[in-house]
Each structure stands twice: as structure tokens, then as C-alpha cells.
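Structural overview for review
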Amino acid sequence: MGESVREECGVFGIFSPERTDVARSVYYGLFALQHRGQEGCGITVNDDGVFHTYKDIGLVNEVFTPERLDSLGKGSIAIGHVRYGTTGKNSRRNCQPMEVNHIKGVMAVAHNGNLTNAGELRRELELSGSIFHTTSDTESIAYVITRERLSAPSIEVAVSRAFDKIEGAYSLIIMSPTKMIIGRDKNGFRPLCYGQCSDGSYVAASESCALGAVGAKFIRDVEPGEIVVFTQNGIFSMTEHCNKTKSTLCVFEHIYFARSDSVIDGVSVHEARMRAGEFLAQEHPVDADVVIGVPDSGIDAALGYAKKSGIPYGIGFVKNKYIARTFISPGQSDRENKVRIKLNPIESVVSGKRIVLVDDSIVRGTTSERIVRVLREAGAAEVHMRISAPPFMNPCYYGTDIDSRDALIACHHSVEEIARIIGADSLGYLSIEHATQLGGGKSKCSFCTACFSGEYPTAIPKEQYKNKFENKISQRSD
């Protein structure tokens, strides 16, 4: 809806025992992960050690026409990526997978996350002679791996050594001429899992929903710090980086980022969001006639709120399913029309009613204000807003696109003031305590809540902003 926090990427890979149309499998997997990034996408196909890559800005179905997929040819391994960048601007050169040719061969990397030591790494690599062609931190990961590969006996050992050098959030899918390697940072900030198809192919993805898109059966999540290697002789796991620290999955994966039908670290995302709504009903009860959710991310929590409170759930909005990245946004003077075009209220549901409106977050407050106004204009008697996350108070350094406190409304106003600003009769946020309980005792991990609490699980960079490397380049002299 314009002001929501945005995730950074989705990764997908397939390792097939035979040469086949792996590009189309990756295409379907990326389509299932489109919610994780809409800026750009790419696919790299490995045909007996020869790599074919295509990537560009745009949605998956815009970038990959049937003809474009055919041009990638067949192969036994392929990896793909959908991007929303948190380091590096939106451009074709920053799209992934990133392909690197080095003295030991060729490698392609797809990365979901954000490095906290990206600046230091890049500076060290540049001083040692590395030449950067992009402004994404993923290129630093690729260079660290290739540097380690010079002395490592195998690509997987090079990846393991690189894990000692890179810091922050990273779920990786790496392709060499003969192997697919997947790995997750030791904190497990971002999800990663794998499964298997009936033909014996192994599939890895950011979320389990993408496994289902290609008919793969979920096997398990990759553990924090684990590296899993897929070869023609079978698969094996490297666990020397596991259990080095407390796992801290980003709690916003459950609140907003992931698709509702995914299961992450043993927890159903749908159930976690239902649980958030139930907690909201306990913390912030109100006399009302109907509970409605803001599509799509607020619906599961709204169902939970209705279930716990006993207030009926209603479909209060119809969402225009044909609004995509290419939609031409209205001008500054007519921004409220953008909400009306995306969301239409159902007047018979909201007119004259006291409404509990459930959404996943409030960042700047501008979109929330417009949604409340639309409900008022449709005849709502009262609008009580409930947010299935705590207030955003701090920047995120692990992949969520919140790099400053400046634009966060909760940093500058009290809850009561925010309610007045957005035009709601009342406002209630989920508590941090309950946010850490969304797993319902089923989660195999703990959670990072730094954007709410300010308690960071790792050392944080002195400076962090999305286009830092573009700015650095522009300041260079000849």
C-alpha cells in the first residue's frame, strides 16, 4: 500500500539428476516468491558447466517471456532471484544472480539479506585489487568466496571460510559447474529451506510456498549457520558454523514478509498471524460491530482478532488484483486516489458500523490515514485501528528497508497522537512480548525484534543507507 516496510529478496534453486528445462522450474518458483521483491529478477542456467544468465528490472512475468525462457536452454542446475534492494539502487546491474568467472571456474550467487560489514568488506576488497561492477553487497560475498577458493580444496570449503568473513543477514544459493550450495547465516535472520520433486530433483527456496509451486515435497529448513551441498553423488551438510549464537529469525517474516501458506522454522505463517490477531484482541479490546483486515497482509490477523473477540469478521475491502509495479501512480496532489484505486470499501459492510481495522504496520502514517478516510467516506461510524506488530522505533540492518528513524511516525508521536493523525478513534499495537510468542511454542528459533526494541543481536554498522555505494562512486575524483 505504498508505505509498508519492504523485504529485500527471494532466492530459488533446482538441482536435477538429468538435463532438463530447469529454467521453467525456477520461473515458477520465482513467481511464488514475487511478494518478496518486485524490482528485478534473474535466472542462471548451468548446462554442463556453461552458464546462461538473464536478468532485468521488472516483475517475473515481465522479464521472462516464453521466448526468453527458451533462450536460456536446458541444464541440470539453475538458480534464480527476485529483488527488492536494501543495498544498491534499482538497476539491471544490481539484479541477481551474480555470475563471477575466476581462475578456478565459474560461479553464480543469489542472496537474500543484508550484510552489516558490507562497507568494510568492500573497502578491503578494493584495496586488494577487486573491481566492482555493481553497488550491491552481494558482489562482496561473491568476491570473498572466490578469494577463499584460491586456497580451498573445494567450493563448499571456500563458502564455509567466507562465512567467517561476512556478517549480518544472508541466505545464499550458490551454483558452481557441478554443485548447488545453499547456506544460512548463523543467526538465521532470513528463511531458507529445501525439498525434493518426484523425479529426484532437489529444490531450495526462501519459503516453502515456492517448493509447492514446482511440486516439490518439503524436507526441512536449513539451520542457522548450516551449509548444504547438492552433488550428483548425493547431498551433505556442513555444520561447523551452527550453534555459534542464539538464532534470531526476523519476526517480520511471520508478521508480513512471508506468504501465508509458508511454514518457516516449524511455524505456519498463517497460524502465526492468526495468533497475532488473538493477542491484539486481548491487549486492545473494543466494542465494535465488525473486524476487517487490510488486504492482503492484515487479513489473517483480522481473522484472529475476530475469533478471540467474538466480533464478526467481514470483508470490508475489495482489492484490485490488477495493480502491479507498472501502474502509473497519481501525482502528489492526488495521492488519495491511489488508495481508492487499489482498495474499494464495501459500503454494506462498513456503513454505520463500528469497525476494527487490522493492518500489519504503520511506518509514516500516510497510507493508514488514507485508508481510514476511505472508510469514513463509506459511512463508517467508528474506526479502531489495530496493528499486528509493535511500533517501528529503530532502523534495521538485516534486510528490512528501514534505514533511519527520521521517517518513522512512532519515533516522533505518541500512540494517541498517531491515532489523531491517521483519523482513527483508537489505535493499538501488538506488544513486543507477544510478538516474540507468535510461534506458539512450535518455533525452532528465537526472534530478532531490533526494529521495535533496539536490541540488536549483532554488531551494527556505523553508517548504513541503501545507496551508499552509489554515493561513494559519485564522490570519487578522476
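Please refer to the structure higher up on the page.
Fair warning: this is a prediction, and the values are worked out from it, not measured in the lab. (Residues numbered from 1 in each chain as written. Predicted model: local features only at pLDDT ≥ 70, side-chain atom pairs only at ≥ 80, totals over all residues. Heavy atoms only, no water.)

What follows concerns the sheet that holds strand E17 (residues 290–293). Think of a sheet as strands paired side by side through backbone hydrogen bonds, with each pair either parallel or antiparallel. Strand order in this open sheet of 4 strands is E17-E20-E21-E22, and the pairing throughout is parallel. At either end of the open sheet lies a strand with only one pairing partner, and these are E17 and strand E22 (426–429). Here the strands of the sheet are splayed against their neighbours by 20° on average, with no regard to which way each runs. Of the pairings in the sheet, the one linking strand E20 (residues 354–359) to strand E21 (residues 382–387) comprises 6 bridges and is parallel in character. By the bridge assignment, Ile-355 is partnered in E21 with Val-383. (Pairing = 2+ DSSP bridges. Helix = DSSP H or I, 4+ residues; strand = E, 2+ residues; numbered from the N terminus. Axes fitted to C-alpha atoms, helices over the stretch in contact; angles between N-to-C directions.)

Angle between the axes and distance between the axes: these two values describe a pair of packed helices. Across the interface, helix H9 (residues 269–283) lies against helix H10 (residues 299–309) with an axial gap of 6 Å and an inter-helix angle of 45°. As the angle between them shows, H9 and H10 are arranged oblique. As for how H9 packs across H10, the hand of that crossing is right-handed. Each of His-270, Arg-273, Met-274, Gly-277, Glu-278, Leu-280, Ala-281 and Gln-282 in H9 lies in contact with H10, whose residues at this interface are Asp-300, Ala-301, Leu-303, Gly-304, Tyr-305, Lys-307, Lys-308 and Ser-309. Of the residues that constitute the contact of H9 with H10, the class distribution is 6 nonpolar, 5 polar and 5 charged. (Parallel < 35°, antiparallel > 145°, perpendicular 65-115°, else oblique. Left-handed = near helix turned anticlockwise from the far one by under 90°. Contact = heavy atoms within 4.5 Å. Nonpolar A, V, L, I, M, F, W, Y, C, P; charged D, E, K, R; others polar.)

Attention shifts here to the sheet that holds strand E12 (residues 227–231). Judged by pairing direction, the sheet is antiparallel, and its 6 strands sit side by side in the order E5-E6-E7-E8-E12-E13 without closing on themselves. Two strands lie at the open edges of the sheet, namely strand E5 (98–102) and strand E13 (234–238), each paired on one side alone. Neighbouring strand axes in the sheet, compared pairwise and without regard to direction, differ in orientation by 20° on average. Bridge analysis of strand E8 (residues 180–184) against E12 gives 4 bridges, and the strand direction is antiparallel. By the bridge assignment, Ile-181 is partnered in E12 with Val-229. Those strands touched by helix H6 (residues 155–163) are strand E6 (105–115), strand E7 (168–175), E8, E12 and E13, and its axis lies near 20° from that of E8.

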